[in-house]
Amino acid sequence: MSKLTIAEKVASDMKSGSWIREMFEKGRRLKAELGAENVHDFSLGNPNEPPPDAFFQALQAVAADRQPALHGYMPNVGFDESRAAVAKFVSHEYRMEVEPGAVILTTGAAGGMNMVMRTICNPGDEVLVLAPFFVEYKFYIEQAGGKMVLVQTDEKFQPELDAIEAAITPRTRAININTPNNPTGAVYTEEKCRGLADLLKRHDDDEHPIYIATDDPYRRIIFDLDWCPTPATHYDRTIIVSSYSKDLSIAGERAGYVALPKALPYRDMIFAAMAMLNRTLGYVNMPAFMQRVVARCAEALCDVDSYRSNRDLLCHALLEYGYELTMPGGALYAFPKTPLDDVEFVNILMKHNILAVPGRGFGRPGHMRISYCVDRKTIERALPGFKAAIEEARNRLSPVAQ
Ligand SMILES: Cc1ncc(COP(=O)(O)O)c(C=O)c1O
């Protein structure tokens, strides 16, 4: 292969690699060897709850409609009826006004966040990302010519406001906020959300605007609160990015959106830039069929209780076995400390046919991500392995005298 076969940047990104992909490959080999039912796979964040009834009813209604225009091209930002339904839902969910004309339907939150980064970053602009973090951010930011600046969260994975303020420079253009969080399951407190907004206001102005880009696909997957706090409520220069991947359990359908709150300065200019980018990035917007479906079930939600009960089963058992763990308040993940080096410990788990992802893959070594969006039986079957693995780690740390 010549050095010019693929772009150097891509080659280097591939080398720095994704631990999730690596675990997926190891898992695939293990499943081929042992049979899939004997491998306890906690490596992927693929929602396993069935979509809600309202989604299936909407699917049927849209499928029965024979208008040819249903499957055709549409405005770059999506069908009006679907944008209106999303705007109504977002206004209610965020407790602020979002107009239908300020919603852009995207190919998942992923497509939306990519578009946002391209909209606001000039080459060399800095985007703050709180670690541990969703690894794709690095690629979205760099593809937009920006630079990711990591800021660690505290022991409980809450934002450290002083550290964020210290990381702000004249090149800071945005901060990505993901609560409930992948990989930690942390739900940022109201106090932190307000504090973040207050500190940004001290640095933000029209000459040096600093955006909050919220990445909110887990917003409604919360277990201990009725409503998820958000900095969007406190800070005008916020762009909301989200999707129905988790709410409706339809991650493969690529149903996402970007919503521009009414208070966002220069909202119309930002909207116009996004309307162009949504097309020129190539993937355009949420597929037509799904837009019609979402228009009919924009407020529906899968069974969050089932995720809560998985969290409780897994996390209470881990705590009982002696794992150090901050109880996740939402999303689909637990992020305990590993008693040994994270890669070493994940390899011990693999000997018990358990797949988890080392924390270093998310910018926080010494931890691991366990995705509990799995069948409850998978958790039950894996618990003895989690127990045996921590015991084995303890023996490695203090071997019994012979
Ligand atoms: C934090 C975070 N952001 C964005 C995404 C992508 O979501 P979507 O399927 O809506 O593109 C994911 C997917 O797992 C995620 O965990």
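Everything here concerns the structure above.
Residues numbered from 1 in each chain as written. Predicted model: local features only at pLDDT ≥ 70, side-chain atom pairs only at ≥ 80, totals over all residues. Heavy atoms only, no water.

Student: Any chance you could explain the overall build of the chain here in plain terms?
Tutor: A tally of helices and strands in the chain yields 13 helices and 12 strands. Relative to a compact globule of 402 residues, whose C-alpha radius of gyration would be 21 Å, the chain shows 22 Å and is just as compact. By residue count, 55% of the 402 residues in the chain fall in the buried class. Accessible area for the chain stands at about 17500 Å²; split by element, carbon and sulfur atoms hold 53% of it. Of the charged side chains in the chain, 45 are positive and 52 negative, and the gap between their average positions amounts to 4 Å. (Helix = DSSP H or I, 4+ residues; strand = E, 2+ residues; numbered from the N terminus. Rg over C-alpha atoms; globule rule 2.2 N^0.38 Å. Buried < 20%, exposed > 50% of the residue type's maximum accessible area, 1.4 Å probe, protein only. Areas by Shrake-Rupley, 256 points an atom, 1.4 Å probe, with all protein chains shown as cover. Lys, Arg positive; Asp, Glu negative; His and termini not counted. Charge placed at Lys NZ, Arg CZ, Asp CG, Glu CD.)

Student: For this particular structure, what's the right way to read the side chain of Ser 371?
Tutor: Summarising the element assignment, Ser 371 is placed in strand E12 (residues 368-371). In this structure Ser 371 touches Phe 42, Ser 43, Leu 44, Gly 45, Leu 332 and Tyr 333, once residues within four positions along its chain are discounted. (Contact = heavy atoms within 4.5 Å.)

Student: What is the right way to read the site of the ligand from this model?
Tutor: Around the ligand sit 14 residues in total, of which Asn 182, Asp 215, Tyr 218, Ser 243 and Arg 254 are the nearest. Note that an oxygen atom of the ligand is positioned 2.7 Å from one of the side-chain N or O atoms of Asn 182. Contact between the ligand and Lys 246: an oxygen atom at 2.9 Å from a side-chain N or O atom of the residue. When the ligand sits alone it has 390 Å² of accessible area, and the protein chains cover 90% of it. The element that contributes the greatest number of residues to the shell around the ligand is helix H5 (residues 108-120), accounting for 3 residues. (Near = heavy atom within 4 Å. Polar contact = N/O pair within 3.5 Å; in protein donor to acceptor, adjacent residues only side chain to side chain.)

Student: Just to check I follow, could you spell out the nonpolar core for this structure?
Tutor: One recurring pattern in soluble globular proteins is that nonpolar side chains are buried together. Of all hydrophobic cores here, the largest spans 65 residues; its most connected members are Tyr 323 and Phe 386. With near-sequence residues (within four places) excluded, Phe 386 lies in contact with Phe 42, Leu 314, Leu 318, Tyr 321, Tyr 323, Leu 349, Ile 354, Met 368 and Ile 370. Within the second largest apolar cluster, 33 residues are counted, among which are Ile 104, Val 129, Tyr 140 and Ala 275. (Core = buried A, V, L, I, M, F, W, Y, C linked by side-chain atoms within 4.5 Å.)

Student: So what exactly am I meant to see when it comes to unusual backbone geometry here?
Tutor: When glycine is set aside, most residues are seen to have a negative phi, and most peptide bonds are trans. The peptide bond linking Ala 131 to Pro 132 adopts the cis configuration, its omega dihedral lying at 0 degrees. Mapped onto the secondary structure, Pro 132 falls in the loop between strand E3 (126-131) and helix H6 (136-143). Cis rather than trans, the peptide bond between Asn 182 and Pro 183 has omega equal to 20 degrees. Following the sequence through the fold, Pro 183 ends up in the loop between strand E5 (172-177) and helix H8 (190-203).

Student: I keep staring at a nonpolar patch on the surface and nothing clicks. Help me out?
Tutor: There is a patch of nonpolar side chains on the surface, built from Ile 6, Val 10 and Met 14 and spanning about 250 Å² of accessible area. Looking at the element boundaries, Val 10 is found in helix H1 (residues 8-16). (Patch = residues over 30% accessible without salt bridge, like charges linked within 9 Å, V, L, I, M, F, W, Y side chains within 5 Å. Salt bridge = Lys/Arg side-chain N within 4 Å of Asp/Glu carboxyl O.)

Student: Sorry, what's going on with the packing of helix H4 (residues 80-94) against helix H10 (residues 288-297) here?
Tutor: Two packed helices can be described by the angle between their axes and the distance between those axes. Following both chains from N to C, one finds H4 and H10 inclined at 40 degrees, their axes separated by 8 Å at the closest point. Taken together, H4 and H10 sit at an angle that is classed as oblique. Of the two possible hands of crossing, H4 and H10 adopt the one that is left-handed. Residue-level inspection shows Glu 81, Ser 82, Ala 85 and Val 86 of H4 in contact with H10, the latter providing Gln 291, Arg 292, Val 294, Ala 295 and Arg 296. (Axes fitted to C-alpha atoms, helices over the stretch in contact; angles between N-to-C directions. Parallel < 35°, antiparallel > 145°, perpendicular 65-115°, else oblique. Left-handed = near helix turned anticlockwise from the far one by under 90°.)

Student: What's the story with the sheet that holds strand E6 (residues 211-215) in this structure? I'm lost.
Tutor: Neighbouring strands of a sheet are bound in pairs by backbone hydrogen bonds; such pairs are parallel or else antiparallel. Ordered by their spatial adjacency, 7 strands build an open sheet running E2-E8-E7-E6-E5-E3-E4, and the pairing between neighbours is mixed. Pairing within the sheet leaves two strands with one partner each, and these edge strands are strand E2 (103-107) and strand E4 (147-152). The average angle at which neighbouring strand axes cross in this sheet is 25 degrees, direction not considered. (Pairing = 2+ DSSP bridges.)

Student: Explain the pairing of E6 here, please?
Tutor: Along a regular strand, successive side chains alternate from one face of the sheet to the other. With 5 of 5 residues buried, E6 lies mostly within the body of the structure. Relative to E6, E5 runs parallel, the two sharing 4 bridges. Paired with Ala 174 across the two strands is Tyr 211, which belongs to E6. The β-α-β motif built from E5, the intervening H8 and the parallel element E6 has right-handed crossover chirality. In terms of strand pairing, E6 meets strand E7 (residues 238-243) through 4 bridges, oriented parallel. Bridge pairing in E7 links Ile 212 to Thr 238. (Right-handed = clockwise from strand over helix to strand, strands pointing away.)

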